[in-house]
Amino acid sequence: MTDFPTVKVPVPDVTVGAYRAVFGRLGNVLELGWLPLLILLGVSIVPAVLPADFGGDNAALRALPDLLDLVTGALCLNAFGVRWYQVQLFGGDNQRPWLKPWSRFLLYTFALYAALGVVLAAIWLAGSVVGDRGVGFEIGVVALDLAVVAVLLLAMARLSLLYPAAAANQPVGIGGAWRTTRGNGWRIVLCWLFATAPLLLGVQIAMGAVFAGFGIGGTTAAPMGLFILRGLIGTVADFLIAALGAVVLSDVYRRLMPAAGR
């Protein structure tokens with residue numbers, strides 16, 4: 001089947017439903033995510049306990065904490081994501097297959113990392129070979145960055161059903177996900193943004209306020225307790241954002257897949 005009936009995703013309904021599902025049942029989020037949450041919290045405070053000159057002139061060693069955080073985050077958030085998707089799609093049945101969906105989640109996530117890395121490297125390379133860096137150039141860079149962000153968001157939205165389909169152990173493939181989301185790409189983007197952006201913005205403001213004044217103008221460095229607090233807030237926020245995104249995509253999946261004949 002190539003011509004699917006057009007179903008329009010209702011942005012307000014999906015967004016409000018995501019807030020209700022997550023913040024109305026925070027206990028379920030913690031029940032499923034407590035172990036990955038603790039692991040990520042431990043990893044998040046590693047940079048705070050390392051010496052300031054860790055790695056010295058070795059760029060690979062200096063990047064090691066960030067790499068550890070990236071890989072651990074992918075493993076833990078995807079492990080939580082599989083179970084949370086399955087709860088949204090099938091209720092409290094925890095006997096569903098887990099390992100194969102998790103492996104698919106990791107495949108999709110690291111493929112996304114690789115694609116983003118290629119895009120960022122291409123933008124950096126294009127900027128490095130241009131000699132003129134006047135006002136026109138800077139405006140062009142900003143316009144290019146905005147265009148790239150828009151294209152990436154739309155592409156991720158069109159492929160977003162890969163995750164709930166994998167959690168349901170009914171993978172649809174890239175072509176199937178792309179066709180099924182036809183006509184709803186920007187609606188899915190808006191659902192994502194409305195569901196997650198307020199929380200993300202609030203966390204950034206809170207962290208900026210907590211660390212305001214430390215390390216500025218030779219003032220005292222922030223105490224260890226604040227780094228732990230930042231790690232805790234950031235890690236909890238990551239899980240809540242992942243939970244909100246999963247509810248959005250599970251809702252979209254339930255609405256669109258019947259129209260695709262599955």
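None of the values given here were measured: they were computed from a predicted structure. (Residues numbered from 1 in each chain as written. Predicted model: local features only at pLDDT ≥ 70, side-chain atom pairs only at ≥ 80, totals over all residues. Heavy atoms only, no water.)

*Asks:* A description of the overall build of the chain should follow, citing residues and the corresponding values.
*Replies:* The helix and strand tally for the chain stands at ten helices and zero strands. Listing each helix as α and each strand as β along the chain from the N terminus yields α-α-α-α-α-α-α-α-α-α. Within the chain, the proportion of its 262 residues that are buried is 34%. When contacts within the chain are restricted to residue pairs at least 6 apart in sequence, those whose partners lie at least 24 apart make up 77%. Of the roughly 14,400 Å² that the chain leaves accessible, carbon and sulfur atoms contribute 70%. (Helix = DSSP H or I, 4+ residues; strand = E, 2+ residues; numbered from the N terminus. Buried < 20%, exposed > 50% of the residue type's maximum accessible area, 1.4 Å probe, protein only. Contact = heavy atoms within 4.5 Å. Areas by Shrake-Rupley, 256 points an atom, 1.4 Å probe, with all protein chains shown as cover.)

*Asks:* Could you give an account of the side chain of Gln86, with specific residues and numbers?
*Replies:* Of note, Gln86 is situated in helix H4 (residues 59–90). Apart from the residues within four sequence positions on either side, Gln86 is in contact with Gly91, Arg96, Pro97, Pro101 and Ala167.

*Asks:* Tell me about the packing of aromatic side chains, and please be specific about residues and values.
*Replies:* Taken as a whole and assessed by the stated rule, the structure comprises eight aromatic pairs. With a centroid separation of 6.0 Å and 20 degrees between ring planes, the pair formed by Tyr19 and Phe23 is classed as stacked. Placement of both Tyr19 and Phe23 in helix H1 (residues 11–23) is noted, with a separation of four residues, approximately one turn of the helix. A residue is classified by how much of its surface remains accessible, and Tyr19, at 27% relative accessible area, is partly exposed. (Phe/Tyr/Trp six-rings, centres within 6.5 Å; stacked < 30°, edge-to-face > 60°.)

*Asks:* Pulling in residues and values, what's your account of the packing of helix H2 (residues 26–44) against H4?
*Replies:* H4 packs onto H2 with a crossing angle of 180 degrees between their chain directions and a minimal axis gap of 10 Å. Comparing their axes, H4 and H2 come out roughly antiparallel. Here H2 contributes Asn28, Val29, Leu32, Gly33, Pro36, Ile39, Leu40, Val43 and Ser44 to the contact with H4, which in turn contributes Leu68, Asp69, Thr72, Gly73, Cys76, Leu77, Phe80, Arg83, Trp84 and Val87. Taken together, the residues of the contact of H2 with H4 sort by class into twelve nonpolar, five polar and two charged. (Axes fitted to C-alpha atoms, helices over the stretch in contact; angles between N-to-C directions. Parallel < 35°, antiparallel > 145°, perpendicular 65-115°, else oblique. Nonpolar A, V, L, I, M, F, W, Y, C, P; charged D, E, K, R; others polar.)

*Asks:* Which residues make up a nonpolar patch on the surface, and what values go with them?
*Replies:* Together, Leu61, Leu64, Leu67, Leu70, Val71, Leu75 and Phe110 give the surface a local cluster of nonpolar side chains, amounting to about 550 Å² of exposed area. The dominant element in the nonpolar patch, judged by the number of residues it contributes, is H4, at six residues. For Leu61, the position within the fold is in helix H4. (Patch = residues over 30% accessible without salt bridge, like charges linked within 9 Å, V, L, I, M, F, W, Y side chains within 5 Å. Salt bridge = Lys/Arg side-chain N within 4 Å of Asp/Glu carboxyl O.)

*Asks:* Mind laying out helix H9 (residues 185–210), listing which residues take part and the relevant values?
*Replies:* The α-helix advances 3.6 residues per turn, and as a result positions three or four apart in sequence lie on the same side. With 26 residues, H9 should cover 38 Å at 1.5 Å per step; its first-to-last C-alpha distance of 37 Å lies within 8% of that length. The axis of H9 is deflected most strongly, by about 40 degrees, at Thr196, and proline Pro198 appears within four residues downstream. For H9, every residue scored as buried is listed here: Gly185, Ile188, Val189, Cys191, Trp192, Ala195, Thr196, Val203 and Met207. (Expected span 1.5 Å × (residues − 1). Bend = angle between axes of the 7 residues up to and from the residue.)

*Asks:* Let's hear about the environment of Leu116: which residues, and what values?
*Replies:* Within the fold, Leu116 resides in helix H5 (residues 99–128). When its relative accessible area of 27% is taken as the criterion, Leu116 is described as partly exposed. Residues Leu116 and Leu152 lie 36 residues apart in sequence; the distance between their C-alpha atoms is 8.5 Å.

*Asks:* Explain the nonpolar core to me, using residue names and the numbers behind them.
*Replies:* Ranked by internal contacts, the top residues of the largest apolar core, which has 47 residues, are Val22, Trp84 and Val248. Elements supplying a minimum of two residues to this core: H1, H2, H4, H5, helix H7 (162–167), H9 and helix H10 (224–256). Considering each element in turn, this core owes the most residues, eleven residues, to H10. For Val22, the contacting residues outside a window of four places in its chain are Val29, Trp84, Leu240, Ala243, Leu244 and Val247. (Core = buried A, V, L, I, M, F, W, Y, C linked by side-chain atoms within 4.5 Å.)

*Asks:* So what's going on with the confidence of the model for the chain? Residues and values would help.
*Replies:* Mean pLDDT for the chain: 84, with 87% of residues reaching 70 or above. Taking the mean pLDDT of every element in the chain, the minimum, 74, falls on helix H3 (residues 46–49) and the maximum, 95, on H7. (pLDDT = per-residue confidence, 0-100.)

*Asks:* Explain the pattern of salt bridges to me, using residue names and the numbers behind them.
*Replies:* Between side chains of opposite charge, pairing is possible as soon as their charged atoms come close. All told, the structure shown has one salt bridge when counted by the stated rule. Residues Arg255 and Asp251 are paired through a salt bridge, measuring 2.8 Å at the closest nitrogen-oxygen approach. Here Arg255 pairs with Asp251, and both are found in helix H10, just four residues apart, close to one helical turn. Residue classification places Arg255 among the partly exposed positions, given a relative accessible area of 31%.

*Asks:* Give a description of H1 that names residues and reports values.
*Replies:* In this model, H1 (13 residues) spans 18 Å end to end at C-alpha, consistent with the 18 Å of a helix rising 1.5 Å per residue. Along H1, the residues that are buried comprise Val11, Val14, Thr15, Ala18, Ala21 and Val22. Relative to the axis of H1, the buried residues are bounded by an arc of 130 degrees and lie together on one face. Residues Pro12 and Arg20 are exposed on H1 and point more than 90 degrees away from its buried face. (Arc of directions from axis to C-beta.)

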